[in-house]
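Results of the structural survey
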Amino acid sequence: MKKILVTEDEPAISKVLSAYLQREGFEVLPASNGKDALDLFFKHSPHLVLLDIMMPVMDGWSVLEKIREKSACPVIMLTALGDIDYKLKGLNTGADDYISKPFIGDEVVARVNAVLRRSPNVYLDEHIKQFGSLAINFNSHTIFLNGKEVNLTPRDLSLLLFLAERPNRTFTREQLIEHVWGMDYDGSDRAVDLAIKRIRQALSDWPASEGEIRTLRGMGYQFHVYEK
């Protein structure tokens, strides 16, 4: 089921949009202000965002800018402002489409489906992979969970990157020592267990429904993720 983030501060409009989208089979994530919208975006990784411009706390322009810093997720601007300048600003800032209020619910659904068909939900940087609310940049070696950077020691980071580049594959302690610690390492393979423990602690807010570092008894460790 594809997820749509509906960012709208007017409850009546939000309910109408949610009803039409849910009828179409979408899961709806409602947000009534810009800050909540960003929190939901980085936590749930929606497939598309319906974004109102005039919102409390943080307006739609600011939300769109933050989204575009990390993601190419499709965004449809939704606003009562009918001026052509606002439409052009939205499209030039990175919006995929623009709908003016008042709107027809079926038209919104049709626009959502059209944008989803032509705009796959991918991150701007080809080196960034998203595993639910966990985003890993294999180029800059940075990890973000729910939009916040995760700090790891260089060795723990190398271990996580190695596993995440090979999701759902199992590696023994000996293989991880060889690939991450190096052939010259002469310590105990217990170092792998301790590193995995620290990584799990750092990713404690990563929902198990999205992925996890698995221990396969007698076999080794695996960066396990679920296919959408």
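The rules behind each value
Residues numbered from 1 in each chain as written. Predicted model: local features only at pLDDT ≥ 70, side-chain atom pairs only at ≥ 80, totals over all residues. Heavy atoms only, no water. Helix = DSSP H or I, 4+ residues; strand = E, 2+ residues; numbered from the N terminus. Buried < 20%, exposed > 50% of the residue type's maximum accessible area, 1.4 Å probe, protein only. Areas by Shrake-Rupley, 256 points an atom, 1.4 Å probe, with all protein chains shown as cover. Polar contact = N/O pair within 3.5 Å; in protein donor to acceptor, adjacent residues only side chain to side chain. Contact = heavy atoms within 4.5 Å. Phe/Tyr/Trp six-rings, centres within 6.5 Å; stacked < 30°, edge-to-face > 60°. Pairing = 2+ DSSP bridges. Axes fitted to C-alpha atoms, helices over the stretch in contact; angles between N-to-C directions. Core = buried A, V, L, I, M, F, W, Y, C linked by side-chain atoms within 4.5 Å. Parallel < 35°, antiparallel > 145°, perpendicular 65-115°, else oblique. Nonpolar A, V, L, I, M, F, W, Y, C, P; charged D, E, K, R; others polar.

Right, let's get into the overall build of the protein. When helices and strands are counted, the protein shows eight helices and twelve strands. Buried residues in the protein amount to 45% of all 228 residues. When the accessible surface of the protein is split by element, carbon and sulfur atoms take 50% of a total near 11900 Å².

Following the sequence through the fold, Q222 ends up in strand 12 (residues 220-225). A relative accessible area of 8% means that Q222 is categorised as buried. Engagement of the side chain of Q222 in a polar contact is seen with the side chain of T170, the distance being 3.0 Å. Sequence-distant contacts of Q222, that is, excluding residues within four places in its chain, are made with N168, R169, T170, E212, I213, R214 and L216.

As for its position among the elements, A135 is in strand 7 (residues 134-137). Taking the C-alpha atoms as reference, A135 lies 9.3 Å from K70; in sequence the two are 65 residues apart.

This part is about unusual backbone geometry. In the segment running from K101 into P102, the intervening peptide bond is cis, with an omega of -5°. With respect to the helices and strands, P102 occurs in the loop between strand 5 (97-100) and helix 5 (105-118). Unlike most non-glycine residues, S45 shows phi in positive territory, near 50°. By secondary structure assignment, the location of S45 is in the loop between helix 2 (34-44) and strand 3 (48-52). Take S45: its relative accessible area is 3%, and that puts it in the buried class.

Applying the stated rule across the entire model yields four aromatic pairs. Every member of this aromatic cluster is reached through a ring pair, and the members are F131, W206 and F223.

Read across the open sheet, the four strands follow the order 6-7-8-9; overall the sheet is antiparallel. In the strand order of this sheet, the two ends are held by strand 6 (128-131) and strand 9 (148-150), each with one partner. Here the strands of the sheet are splayed against their neighbours by 25° on average, with no regard to which way each runs. Examined bridge by bridge, strand 7 and strand 8 (residues 142-145) share four bridges and lie antiparallel to one another.

So, on to the nonpolar core. L134, I136, L159 and F223 are the most contacted members of the largest nonpolar core, which has 30 residues in total. Among the elements of the structure, strand 7, strand 8, helix 6 (154-164), helix 7 (173-181), helix 8 (190-202) and strand 12 are those that each provide at least two residues to this core. With seven residues, the single largest contributor to this core is helix 6. Ignoring any residue separated from it by four or fewer positions in sequence, one finds L134 in contact with K129, I143, F144, L145, L203, W206, E210 and F223. L5, L29, A31 and I67 belong to the second largest nonpolar core, which has 20 residues in total.

Running from N to C, helix 7 and helix 8 point in directions that differ by 80°, and their axes come no closer than 9 Å. Judged by the angle between their axes, helix 7 and helix 8 are roughly perpendicular. Contact residues: helix 7 offers R173, L176, I177 and W181, while helix 8 offers A191, V192, D193 and A195. In the contact of helix 7 with helix 8, the residues fall into six nonpolar, no polar and two charged.

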